[in-house]
Amino acid sequence: MVAEPSSAAIRDIAVKDNICTTEWNTTCSSAMLKNFKSPYDATAVRLLRNSGARIVGKTNLDEFGMGSLNIHSIHGHVINPHDVAERRSTGGSSGGSAAAVASGMCFAALGTDTGGSIRLPASYCGIYGLKPSYGLVSRHGVVAYADSLDCVGVLAASAQNVHEVFGIISQHDYHDPSSASTGRRDRVRDLLQQRFANSFGTSLHGLRVGVPQEYFPAELSPAIAHSTRIVLSRMQRLGATIVPMSLPSTPYALSAYYVIASAEASSNLARYDGVRYGAYVPPDATTDVTRAAHIYALTRTQNFGAEVRKRILLGTYALTAEAFDNYFLQAQRVRKRIIDDFDGAFALPNVRRVVEEEDTLLATSPSVDILVHPSAIRTAPKLDEDSGRLDAYVQDVLTVPASLAGLPALSVPAGTGDDGWPVGVSLVGQWGSDELLLEVAEVLD
Ligand code: GLN
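Residues numbered from 1 in each chain as written. Predicted model: local features only at pLDDT ≥ 70, side-chain atom pairs only at ≥ 80, totals over all residues. Heavy atoms only, no water.

K.L.:
Tell me about the overall build of the protein, and name the residues and values.
P.N.:
If you tally the helices and strands in the protein, you get 14 helices and 10 strands. Computed over the C-alpha atoms, the radius of gyration of the protein is 21 Å, within 12% of the 22 Å expected from 2.2 N^0.38 for a compact globule of 445 residues. Taking the principal axes of its C-alpha atoms as reference, the protein extends roughly 75 × 50 × 45 Å. By residue count, 58% of the 445 residues in the protein fall in the buried class. Intrachain contacts of the protein at a sequence separation of at least 6 include 74% that bridge at least 24 residues. Surface summary for the protein: the accessible area is close to 17,600 Å², and the carbon and sulfur share equals 54%. Across the protein, the 38 positively charged side chains and the 46 negatively charged ones have centroids separated by 1 Å. (Helix = DSSP H or I, 4+ residues; strand = E, 2+ residues; numbered from the N terminus. Rg over C-alpha atoms; globule rule 2.2 N^0.38 Å. Buried < 20%, exposed > 50% of the residue type's maximum accessible area, 1.4 Å probe, protein only. Contact = heavy atoms within 4.5 Å. Areas by Shrake-Rupley, 256 points an atom, 1.4 Å probe, with all protein chains shown as cover. Lys, Arg positive; Asp, Glu negative; His and termini not counted. Charge placed at Lys NZ, Arg CZ, Asp CG, Glu CD.)

Here you go:
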């Protein structure tokens with residue numbers, strides 16, 4: 001992170017380096033964009049500046065947001081500040097933002113979350129991380145990874161700090177075609193108002209909390225299950241009703257996520273060919289320069305890191321005529337089932353779905369207001385032992401379902417595991433209930 005030393009105040013915000021700012025390069029931690037400076041600020045950055053905030057620096061990430069450990073970056077690994085000597089991961093891809101907050105360098109940081117990139121680092125670093133409902137925060141000026149999943153969100157040391165920043169950046173923006181209209185925002189606010197006439201104050205009386213059994217998989221460390229149970233008993237003591245439930249499509253979410261995210265990435269990253277965007281790599285004298293394909297290949301092979309190239313190949317394959325039905329369409333079917341599962345669980349209707357559909361989407365009992373589950377299956381892994389292993393993908397198993405459904409999810413700190421490292425628990429709500437999650441977290445704070 002490039003930052004000026006300063007005491008934390010609402011003014012000081014760090015920004016993940018895939019979000020455009022005019023005074024620094026926006027590199028996405030990629031050689032491809034190492035010299036790219038945006039001529040405009042992302043909408044979220046502009047709104048923060050207009051509110052008096054100071055952007056104090058750009059933060060490291062996994063290249064283009066692809067990764068879960070912040071190890072795929074031209075700027076190097078991010079070391080978890082909880083205990084630097086242990087050299088553990090901050091999680092990724094918003095690892096730099098999490099480290100900046102956890103080490104007290106800023107009031108809050110902006111991150112992006114496509115499949116868990118805010119919640120996983122928040123959990124590993126012992127801070128709060130909100131992935132907002134899809135469409136509430138503008139993606140204008142944010143370098144696209146997977147458009148149908150990308151969300152800009154906030155990491156901070158308290159739920160209240162997250163709330164303050166979210167309140168500023170959650171605005172309709174006509175520059176982003178997926179930005180939720182004010183009508184839709186008002187509609188969900190009215191529904192929540194009907195359900196909870198008053199804010200919670202110091203109790204959680206009347207709140208129904210679902211605990212989906214599929215979020216306690218075999219890979220989950222027992223200490224994390226224990227921390228989650230402690231949070232649930234606290235909620236119960238504060239007046240909430242705990243409802244055990246099942247979201248049966250959950251086990252298919254991880255595979256569907258990686259097919260959809262890679263397919264969208266392969267299309268989005270096509271623009272980095274050295275001609276339209278990206279650092280051009282000149283062909284050597286022996287190359288036939290009239291063949292554009294050579295220039296593209298050189299530029300893309302030399303500038304994209306191995307993980308990004310892997311995703312592009314996987315995504316391109318999933319979109320070929322031969323694989324489209326079995327991979328891409330199948331993943332979209334799974335995505336729909338996951339959304340149906342959530343809509344069947346929540347008392348609040350999903351206002352993103354068309355009105356005629358809504359009657360059939362009202363919850364089947366038992367319906368709940370929020371879900372609670374562990375944010376990650378483990379505490380922060382050591383950097384050296386886990387770097388680049390395939391099981392890095394498994395770390396996203398608990399975060400991707402909310403991403404596929406576009407739902408708000410807030411990771412809150414929940415003590416430490418057996419090893420003394422932070423554990424996070426996630427609160428997930430129906431689309432648009434971000435404020436509800438933040439209010440509940442403030443009661444727990
Ligand atoms: N780890 C996931 C991936 O690599 C999620 C990343 C993200 O949310 N940006 O795709």
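Now that the structure has been shown, the text picks up again.
K.L.:
Lay out the pairing of strand E2 (residues 54-59) in plain terms, naming residues and giving numbers.
P.N.:
In terms of residue burial, E2 counts as a mostly covered element, since five of its six residues are buried. Examined bridge by bridge, strand E1 (residues 12-16) and E2 share five bridges and lie parallel to one another. Residue Val15 lies in a different strand from E2, and its bridge partner there is Lys58. (Pairing = 2+ DSSP bridges.)

K.L.:
Describe the state of the cysteines, and please don't skip the residues or the numbers.
P.N.:
Tallied over the entire structure, the rule returns zero disulfides. Cys125 takes part in no disulfide bond, and the closest cysteine sulfur to it belongs to Cys106, at a distance of 12 Å. Judged by its relative accessible area of 7%, Cys125 falls in the buried class. (Disulfide = S-S within 2.5 Å.)

K.L.:
Which residues make up unusual backbone geometry, and what are the values?
P.N.:
Excluding glycine, a negative phi dihedral is what most residues carry, and trans is how most peptide bonds are arranged. Residue Ser93 is reached from Gly92 by a cis peptide bond, and omega for that bond is 5°. Looking at the secondary structure, you find Ser93 in the loop between E2 and helix H2 (95-102). The phi dihedral of Cys28 is positive, around 55°, even though this residue is not glycine. Mapped onto the elements, Cys28 comes out in the loop between E1 and helix H1 (43-50). Non-glycine residue Ser29 carries a positive phi angle of around 55°. For Ser29, a relative accessible area of 1% corresponds to the buried category.

K.L.:
Could you give an account of the packing of aromatic side chains, naming the residues involved and the relevant values?
P.N.:
By the definition in use, this model includes nine aromatic pairs. Residues Phe64 and Phe304 carry aromatic rings whose centres are separated by 6.0 Å and whose planes lie at 70° to one another, so their mutual orientation is edge-to-face. A residue pair is termed long-range when its members are at least 10 positions apart, and Phe64 in the loop between E2 and H2 and Phe304 in the loop between helix H8 (292-303) and helix H9 (306-318) qualify at 240 residues. The burial state of Phe64 is the same as that of Phe304; both residues are buried. Ring plane angle 90° and centroid distance 6.3 Å describe the contact between Tyr272 and Phe304, whose orientation is recorded as edge-to-face. (Phe/Tyr/Trp six-rings, centres within 6.5 Å; stacked < 30°, edge-to-face > 60°.)

K.L.:
Go over the nonpolar core with me, naming the residues and quoting the values.
P.N.:
Residues Ile13, Phe64, Leu110, Leu207, Met235 and Val440 are the most contacted members of the largest nonpolar core, which totals 107 residues. Looking at this core element by element, the count peaks at nine residues for helix H7 (residues 253-268). Setting aside residues no more than four positions away along its own chain, Leu207 makes contact with Phe196, Phe200, Ala240, Thr241, Asp369, Ile370, Leu436 and Val440. In terms of nonpolar packing, the next biggest core, distinct from the first, is built from 12 residues, Val56, Ala98, Ala100 and Cys106 among them. (Core = buried A, V, L, I, M, F, W, Y, C linked by side-chain atoms within 4.5 Å.)

K.L.:
Can you tell me about the sheet that holds strand E5 (residues 151-156), naming the residues and giving the values?
P.N.:
Across the sheet, which stays open at both edges, the 10 strands sit in the order E2-E1-E3-E5-E4-E9-E10-E8-E6-E7 with mixed pairing between neighbours. Looking at strand neighbours, the two that pair on one side only are E2 and strand E7 (241-245), the edges of this open sheet. Across this sheet, the average inter-strand angle for adjacent strands is 25°, counted without regard to direction. The sheet strands contacting H2 are E1, E2, strand E3 (108-113) and E5, and the helix crosses E3 at an angle near 155°. (Axes fitted to C-alpha atoms, helices over the stretch in contact; angles between N-to-C directions.)

K.L.:
Any details on the site of the ligand? Residues and values, ideally.
P.N.:
Contacts to the ligand come from 15 residues, most closely from Thr114, Gly115, Ser117, Tyr145 and Tyr257. For the ligand, an oxygen atom lies 2.7 Å from a polar atom in the backbone of Thr114. Separating an oxygen atom of the ligand from a side-chain N or O atom of Arg311 is a distance of 2.8 Å. The fraction of the free accessible surface of the ligand (290 Å²) that becomes covered by protein chains is 100%. (Near = heavy atom within 4 Å. Polar contact = N/O pair within 3.5 Å; in protein donor to acceptor, adjacent residues only side chain to side chain.)

K.L.:
Kindly report on the packing of helix H6 (residues 222-237) against helix H14 (residues 434-444), identifying the contributing residues and their values.
P.N.:
Contact geometry for H6 and H14: axes closest at 11 Å, N-to-C directions at 90°. It follows from the interaxial angle that H6 and H14 lie roughly perpendicular. For the pair H6 and H14, the contacting residues are Val231, Arg234 and Met235 in the first and Val440, Val443 and Leu444 in the second. Here the contact of H6 with H14 is built from residues that sort into five nonpolar, no polar and one charged. (Parallel < 35°, antiparallel > 145°, perpendicular 65-115°, else oblique. Nonpolar A, V, L, I, M, F, W, Y, C, P; charged D, E, K, R; others polar.)

K.L.:
Tell me about the environment of Gln194, and name the residues and values.
P.N.:
Position of Gln194 relative to the elements: it lies in helix H5 (residues 182-195). Here Gln194 falls in the exposed class, since its relative accessible area comes to 66%. Separated by 146 residues in sequence, Gln194 and Leu48 have C-alpha atoms that sit 31 Å apart.

K.L.:
Can you break down the pattern of salt bridges residue by residue, with the values?
P.N.:
Applying the stated rule across the entire model yields 17 salt bridges. Note that Asp176 is salt-bridged to Arg139, the shortest N-O span being 3.7 Å. Here the residue Asp176 occupies a position in the loop between helix H4 (159-169) and H5, and Arg139 occupies one in the loop between strand E4 (128-131) and E5, the gap between them amounting to 37 residues. The exposure classification of Asp176 matches that of Arg139, with both residues buried. A single network of salt bridges, built from pairs that share partners, joins Lys336, Asp340, Asp343 and Arg353. (Salt bridge = Lys/Arg side-chain N within 4 Å of Asp/Glu carboxyl O.)

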